Amino acid sequence: MPYEAGLPKYKGGRRGMNLNDRQKAMVDHIYNILTDAGLDHYAIAGILGNAMQESSLNPDSVNPSGYRGLFQNSKDIQRAMGAVYGDHSVNSQINYVVDWINGNKNIRSKKHGPVLGTYSGKYRKTGYASAEEAGRDFMRMYERPVILDPKTKKVIGYQDEDRRLTYSAQMFDYLNNTISCRKYIGNKLCCL
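Residues numbered from 1 in each chain as written. Predicted model: local features only at pLDDT ≥ 70, side-chain atom pairs only at ≥ 80, totals over all residues. Heavy atoms only, no water.

Engineer: Would you take a moment to explain the overall build of the chain for this structure?
Structural biologist: What the chain contains, in helices and strands, is seven helices and six strands. Put simply, the chain has 192 residues, and 44% of those count as buried. Surface summary for the chain: the accessible area is close to 10,900 Å², and the carbon and sulfur share equals 49%. (Helix = DSSP H or I, 4+ residues; strand = E, 2+ residues; numbered from the N terminus. Buried < 20%, exposed > 50% of the residue type's maximum accessible area, 1.4 Å probe, protein only. Areas by Shrake-Rupley, 256 points an atom, 1.4 Å probe, with all protein chains shown as cover.)

Engineer: Please clarify how the side chain of Asn 50 should be interpreted in this entry.
Structural biologist: If you trace the backbone, Asn 50 turns up in helix H2 (residues 41-55). Since its relative accessible area comes to 0%, Asn 50 is described here as buried. Not counting the four nearest positions on each side in its chain, Asn 50 is found in contact with Gly 135, Phe 138, Met 139, Glu 143, Arg 164 and Ser 168. (Contact = heavy atoms within 4.5 Å.)

Engineer: Quick question: what am I supposed to make of helix H6 (residues 131-143) here?
Structural biologist: When H6 is considered as a whole, its buried residues turn out to be Ala 131, Ala 134, Gly 135, Asp 137, Phe 138, Met 139, Met 141, Tyr 142 and Glu 143. Looking at the buried residues of H6, the elements they touch are H2, helix H4 (90-102), strand S4 (155-158) and helix H7 (161-179). Just downstream of H6 lies Arg 144, where phi reads positive at about 50 degrees.

Engineer: Sorry if this is basic, but what is going on with the side chain of Arg 164 here?
Structural biologist: Secondary-structure assignment places Arg 164 in helix H7. Owing to a relative accessible area of 2%, Arg 164 belongs among the buried residues under this scheme. At a separation of 3.0 Å, a polar atom in the side chain of Arg 164 contacts the main-chain carbonyl oxygen of Gln 159. Residues in contact with Arg 164, not counting those within four places in the same chain, are Gly 49, Asn 50, Gln 53, Glu 54, Met 139, Glu 143, Pro 145 and Gln 159. (Polar contact = N/O pair within 3.5 Å; in protein donor to acceptor, adjacent residues only side chain to side chain.)

Engineer: What am I meant to see in the environment of Thr 166 here?
Structural biologist: Tracing the chain through its elements places Thr 166 in helix H7. Considered as a pair, Thr 166 and Asn 50 are 116 residues apart in the sequence and their alpha carbons are 9.7 Å apart.

Engineer: For this particular structure, what's the right way to read the packing of aromatic side chains?
Structural biologist: Describing an aromatic ring pair means giving the distance of the ring centres and the angle of the ring planes. Counted by the stated rule, this structure contains eleven aromatic pairs. Aromatic pair Trp 100 and Tyr 142: ring centres 5.2 Å apart, planes at 85 degrees, arrangement edge-to-face. Taken together, the positions of Trp 100 in helix H4 and Tyr 142 in helix H6 put the pair 42 residues apart, joining distant regions of the chain. Linked through ring pairs, Phe 71, Tyr 85, Tyr 96, Trp 100, Tyr 123, Tyr 128, Phe 138 and Tyr 142 together constitute an aromatic cluster. (Phe/Tyr/Trp six-rings, centres within 6.5 Å; stacked < 30°, edge-to-face > 60°.)

Engineer: What is the right way to read the pattern of salt bridges from this model?
Structural biologist: Where side chains of opposite charge bring their charged atoms close, a pairing between them can arise. Tallied over the entire structure, the rule returns six salt bridges. Measuring nitrogen to oxygen at the nearest pair gives 3.1 Å for the salt bridge that ties Arg 124 to Glu 133. Arg 124 is the partner of Asp 137 in a salt bridge, and the nearest nitrogen-oxygen pair spans 4.0 Å. In this pair, Asp 137 sits in helix H6 while Arg 124 sits in the loop between helix H5 (113-116) and H6, placing the two residues 13 residues apart along the sequence. Judged by relative accessible area, Arg 124 falls into the partly exposed class, the value being 33%. Taken together, the shared-partner salt bridges connect Arg 124, Glu 133 and Asp 137 into one network. (Salt bridge = Lys/Arg side-chain N within 4 Å of Asp/Glu carboxyl O.)

Engineer: Sorry if this is basic, but what is going on with H2 here?
Structural biologist: Three or four residues apart is the spacing at which side chains of an α-helix point the same way, because the helix has 3.6 residues per turn. Taking 1.5 Å per residue, 15 residues should reach 21 Å; H2 reaches 20 Å between its end C-alpha atoms and fits that length. At the N-terminal end of H2, a side-chain oxygen is found 3.2 Å from the backbone nitrogen of Tyr 42, two or three residues along, and the residue is Asp 40. In the stretch just after H2, Ser 56 is the one whose phi turns positive, near 55 degrees. (Expected span 1.5 Å × (residues − 1).)

Engineer: Just checking my understanding: could you explain a nonpolar patch on the surface for this structure?
Structural biologist: Where nonpolar side chains cluster on the molecular surface, the patch consists of Val 146, Leu 148 and Val 155 and spans about 220 Å² of accessible area. The residue Leu 148 is located in strand S3 (residues 146-148) in this model. (Patch = residues over 30% accessible without salt bridge, like charges linked within 9 Å, V, L, I, M, F, W, Y side chains within 5 Å.)

Engineer: Would you mind showing me how to read the environment of Gln 72 here?
Structural biologist: Position of Gln 72 relative to the elements: it lies in the loop between H2 and helix H3 (75-85). For the pair formed by Gln 72 and Glu 143, sequence separation is 71 residues and the distance between their alpha carbons is 8.4 Å. Discounting chain neighbours no more than four positions away, the residues touching Gln 72 are Glu 54, Ser 55, Ser 61, Val 62, Asn 63 and Tyr 67.

Printed below as a string of structure tokens:
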């Protein structure tokens, strides 16, 4: 085993998340909603890892093509969300994800189902073996950042898959080391 400064040296470890205060507040907000919806840490970390890749956890993020929000929703999804939820606010974005996970009828309707309902009800709330597995499922089912073979038009990969999975693993560590030890008693944050 290699040593450095007299201690065992480990290779391939994960760096922790370096979140700013705005990102930490967003993680707390999303975590509380998803926990109330019954998701475990692996499932939540998979979602947060993708959101980190898509928008750096900025619900107001807009890319040059008009994709917006935490998950960089397309214009079609933005319009359909506006019709179902009234707007594209951070709470609407997260409520849509919860409804999408639950397979709720409001997003699977005849009118909005083709835009909002794809893979609805397929992402698991619990039961993933790792944050990376959950991150991969959320990427494939919700984000769908496919890379197509130009000749065959078949999926040959996913954009930034490695970073999404790394972020998912880092979010899992962050949740377990930071958020899961906290509890609000009244308005005061306490560590358990």
